[in-house]
Amino acid sequence: MSRCIVILSFLVFMISSITLSHLSAEPSGMEVGLRYGGGERVPGRFDGDLKQFSSTVSPLIASDVSLSGGRSTNLYEGFFRFLLDSRSRVGFVIGRNDWQMLQLTEVTSDYYYTKLTSEIYSYHILGMYYFTVPVFRNWEWESGLGGGFTSADWNVRGFSAGGLAPDSQYFNQKGRLRGSGLTYRAETAINHRLYENTFFQIGLGYHYIAIDKFSGNYNGETSSFYIRADGKVGVLDDTRVIDATVSTAQTFRRLDMNSGSWVLYFSVFQRFLD
């Protein structure tokens, strides 16, 4: 709730600033641009939780889990912003952030092998404030700060196989989960004027997303990734979680995603002055 209050307060500030800017004698106008970025995700609690993955709820079965990939990201955005004066801007950024494929493998003491490949991508809309300072002739330095909302898709494909002959088994794994939450951005960049009002930009940003839970369809059931009381993480359907909570007094909470990434980005934008 506190995060929502912060975001809404920031958006109200931006709208108020846009209104007040029309009363100013400073130059006014807007900027419209496109951006592409590539970056490196910072491993955090989300990765640590996934390393505690277990395909079974039995405490008597040991497992060894490895996690790879999911480190690099690609960013695609469009943005528009309004000039409050010669140095200040407010605006909105709309875009998509794609993760590198995330690979999870597990080997258990009861001779089962599980391999899951995760495709994770998110869409976001951000409200931003920018401050620009002239550097030298056709060069500008700017910094921006803002926040907004994100929706992420988590698609899982893989298999689980094992067991001793003649009772060996093979199971396909397929899931499509979705979650929503908040996102934050801090960035700094250098702008170079190519033509009279056309600019090229190179910058560095930190993009952070916070999603408290995922849910959706996994192997035909309404499911989610859950963290058990012992710290193990697994995919459980909602009915099974309710039954386990009632019959065994175990506690479960859904796996959350709090993840940040550094992004080097390149933009081209056009400035329109009134």
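Scoring rules and cut-offs
Residues numbered from 1 in each chain as written. Predicted model: local features only at pLDDT ≥ 70, side-chain atom pairs only at ≥ 80, totals over all residues. Heavy atoms only, no water. Helix = DSSP H or I, 4+ residues; strand = E, 2+ residues; numbered from the N terminus. Buried < 20%, exposed > 50% of the residue type's maximum accessible area, 1.4 Å probe, protein only. Contact = heavy atoms within 4.5 Å. Areas by Shrake-Rupley, 256 points an atom, 1.4 Å probe, with all protein chains shown as cover. Salt bridge = Lys/Arg side-chain N within 4 Å of Asp/Glu carboxyl O. Phe/Tyr/Trp six-rings, centres within 6.5 Å; stacked < 30°, edge-to-face > 60°. Lys NZ or Arg CZ within 6 Å of the ring centre and 35° of its normal. Core = buried A, V, L, I, M, F, W, Y, C linked by side-chain atoms within 4.5 Å. 1 Å grid on protein atoms, 1.4 Å probe; cavity = no way out; pocket = protein on both sides within 12 Å on 5 of 7 lines; lining within 4 Å. Points joined across faces, edges and corners; volume = space filled by probe spheres on them. pLDDT = per-residue confidence, 0-100.

Draft legend 1. Region of interest: the overall build of the chain. Secondary structure summary: the chain contains three helices and 14 strands in total. Relative to its 274 residues, the chain shows a buried fraction of 43%. Restricting to contacts in the chain with at least 6 residues of sequence separation, those with at least 24 account for 74%. Just so you have it, the chain exposes about 14,100 Å², and 61% of that area is on carbon and sulfur atoms.

Draft legend 2. The arrangement of the pattern of salt bridges in detail. Counting across every chain of the model gives 16 salt bridges. For Asp98, the salt bridge goes to Arg96, with nearest N and O atoms at 2.6 Å. Residue class for Asp98 comes out buried when judged on its relative accessible area of 17%. Residues joined in a network through salt bridges with shared partners are Glu31, Arg81, Arg89, Glu140, Glu142 and Arg271.

Draft legend 3. Local environment of the side chain of Asn97. Here Asn97 shows up in strand S4 (residues 88-99). Here Asn97 falls in the buried class, since its relative accessible area comes to 3%. Setting aside residues no more than four positions away along its own chain, Asn97 makes contact with Thr73, Asn74, Leu75, Ile120, Tyr121, Ser122, His124, His207 and Ser261.

Draft legend 4. Broad picture of the packing of aromatic side chains. Under the counting rule described, the total for this entry stands at 16 aromatic pairs. A network of ring pairs unites the aromatic residues Phe46, Trp99, Trp154, Phe214 and Phe225 as a single cluster. The residue whose ring lies beneath Arg41 is Trp99, and the NZ or CZ to ring-centre distance is 4.0 Å. One cation-aromatic arrangement involves Arg96 over Tyr121; the distance from NZ or CZ to the ring centre is 4.2 Å.

Draft legend 5. Just the nonpolar core, in detail. Phe46, Trp154, Phe225, Leu255 and Met257 are the most contacted members of the largest nonpolar core, which has 22 residues in total. At the level of secondary structure, the elements contributing two or more residues to this core comprise helix H2 (45-50), strand S5 (102-108), strand S6 (112-136), strand S7 (139-162), strand S9 (198-211) and strand S11 (221-228). The element that contributes the greatest number of residues to this core is S7, accounting for three residues. Sequence-distant contacts of Phe46, that is, excluding residues within four places in its chain, are made with Arg41, Trp99, Ile120, Trp154, Leu255, Asp256, Met257 and Asn258. Counting seven residues, the second-largest nonpolar core is a separate cluster that includes Leu126, Met128, Tyr130 and Phe269.

Draft legend 6. The arrangement of empty space enclosed by the protein in detail. Evaluation of the coordinates by the stated rule reveals three cavities of 30 Å³ or more. Of the voids in this model, the largest cavity is the one considered here, and its volume is about 50 Å³. Taken together, Leu50, Leu102, Leu104, Leu116, Ser118, Trp154 and Phe225 make up the full set of residues lining the largest cavity. When contributions to the lining of the largest cavity are tallied by element, the ones reaching two or more residues are S5 and S6.

Draft legend 7. Summary view of the confidence of the model for the chain. With 85% of its residues at a pLDDT of 70 or more, the chain has an overall mean of 86. With pLDDT under 50 throughout, residues 1-13 is counted as low confidence; its partners more than four residues away or in other chains account for 17 contacts. Note on residues 15-25: pLDDT under 50 across the span, and six contacts to partners over four residues away in sequence or across chains.

Draft legend 8. Broad picture of the environment of Phe79. Inspection of the secondary structure assignment puts Phe79 in strand S3 (residues 72-83). Considered as a pair, Phe79 and Gly91 are twelve residues apart in the sequence and their alpha carbons are 7.3 Å apart. In contact with Phe79, other than residues within four places in its own chain, are Glu31, Val32, Gly33, Leu34, Arg35, Phe92, Val93, Ser267 and Phe269.

Draft legend 9. Region of the structure containing the environment of Gly181. Among the structural elements, Gly181 can be located in strand S8 (residues 169-193). Taking the relative accessible area as the measure of exposure, Gly181 reaches 17% and is therefore buried. Each C-alpha atom of the pair Gly181 and Ser151 lies 6.5 Å from the other, and the pair is 30 residues apart in sequence. Excluding residues that lie within four positions of it along the chain, Gly181 makes contacts with Gly148, Phe149, Thr150, Ala210 and Ile211.

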